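Breakdown of the fold
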Amino acid sequence: DYRELKLDEDILHFLLINSLNLCHLSIKSRKIEGDGRGLSVLKQLTRLQSLNMRECSKLTCPPDLSGCPDLRSLSMKYCRAMKRPPDLSGCHMLQN
């Protein structure tokens, strides 16, 4: 079942860099830790409309979403280790 894939950050980065036209993305992984270096490609997903990062409980720094102007929905529920909120200044379509 694809919903149960356990991806580490390197595999996730590879998949994202080869999927730059994604509109909807759900990342629910406790394997993403610290600064989330594998998530650095998220800023290149210019067509991203929704991002669900629920349960990324070991992530300490939010991903850079500055290149996601069409982002409308963001969920970071249970990201308890996050030290600061994400910078959403470039996400003009984001709804509460």
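Summary of the structure given here. (Residues numbered from 1 in each chain as written. Predicted model: local features only at pLDDT ≥ 70, side-chain atom pairs only at ≥ 80, totals over all residues. Heavy atoms only, no water.)

1. Looking at helix α1 (residues 9-17)
What counts, and what does not: For every residue, the accessible area obtained with a 1.4 Å probe (protein chains only) is divided by the maximum for its type, and the residue is called buried under 20%, exposed over 50%, and partly exposed between those limits. Elements are defined by DSSP. Helices are runs of H or I of four residues or more, strands are runs of E of two residues or more, and each kind is numbered from the N terminus. By definition, the arc is the one covered by directions from the helix axis to the C-beta atoms. For this analysis, residues touch if any pair of their heavy atoms sits within 4.5 Å.
Taken together, the buried positions of α1 are E9, L12 and L16. End-on, the buried residues of α1 take up no more than an arc of 60°, which puts them together on one face. Elements in contact with the buried residues of α1: β1 (24-26) and β2 (33-34).

2. Some points on the pattern of salt bridges
Defined as follows: We define a salt bridge as a contact between a side-chain nitrogen of Lys or Arg and a carboxyl oxygen of Asp or Glu at a distance within 4 Å.
According to the stated counting rule, one finds two salt bridges in the structure shown. For R30, the salt bridge goes to E55, with nearest N and O atoms at 3.8 Å. Taken together, the residues span a long stretch of sequence, with R30 in the loop between β1 and β2 and E55 in the loop between β3 (50-52) and β4 (58-59) at a distance of 25 residues. Residue classification places E55 among the partly exposed residues on the basis of a relative accessible area of 26%. One salt bridge connects E33 with K58, and the closest N-O pair in it is separated by 3.7 Å. Of this pair, E33 sits in strand β2 while K58 sits in strand β4, and the two are 25 residues apart along the sequence. Taking the relative accessible area as the measure of exposure, K58 reaches 42% and is therefore partly exposed.

3. So, the nonpolar core
This is how the line gets drawn: Throughout this description, the term nonpolar core refers to a set of buried Ala, Val, Leu, Ile, Met, Phe, Trp, Tyr and Cys residues connected via side-chain atoms within 4.5 Å.
Core analysis: the biggest nonpolar cluster contains 21 residues, and L25, I27, L39, L42 and L51 have the highest contact counts within it. Discounting chain neighbours no more than four positions away, the residues touching L51 are L25, I27, L42, L65, L71, S73, L74 and S75.

4. Focus: the environment of M82
When you line up the elements, M82 lands in the segment after β5 (73-75). A relative accessible area of 18% means that M82 is categorised as buried. M82 sits 20 residues away from P62 along the chain, and the two C-alpha atoms are 6.8 Å apart. Those residues in contact with M82 that lie beyond four places of it in its chain are L59, T60, C61, P62 and M76.

5. Here we look at unusual backbone geometry
The bulk of non-glycine residues show a negative phi, and the bulk of peptide bonds are trans. Even without being glycine, E55 reaches a positive phi, approximately 75°. Phi angles above zero are rare outside glycine, and Y78 is one such case at about 70°. By secondary structure assignment, the location of Y78 is in the segment after β5. Residue Y78 is classed as partly exposed on the basis of its relative accessible area of 32%.

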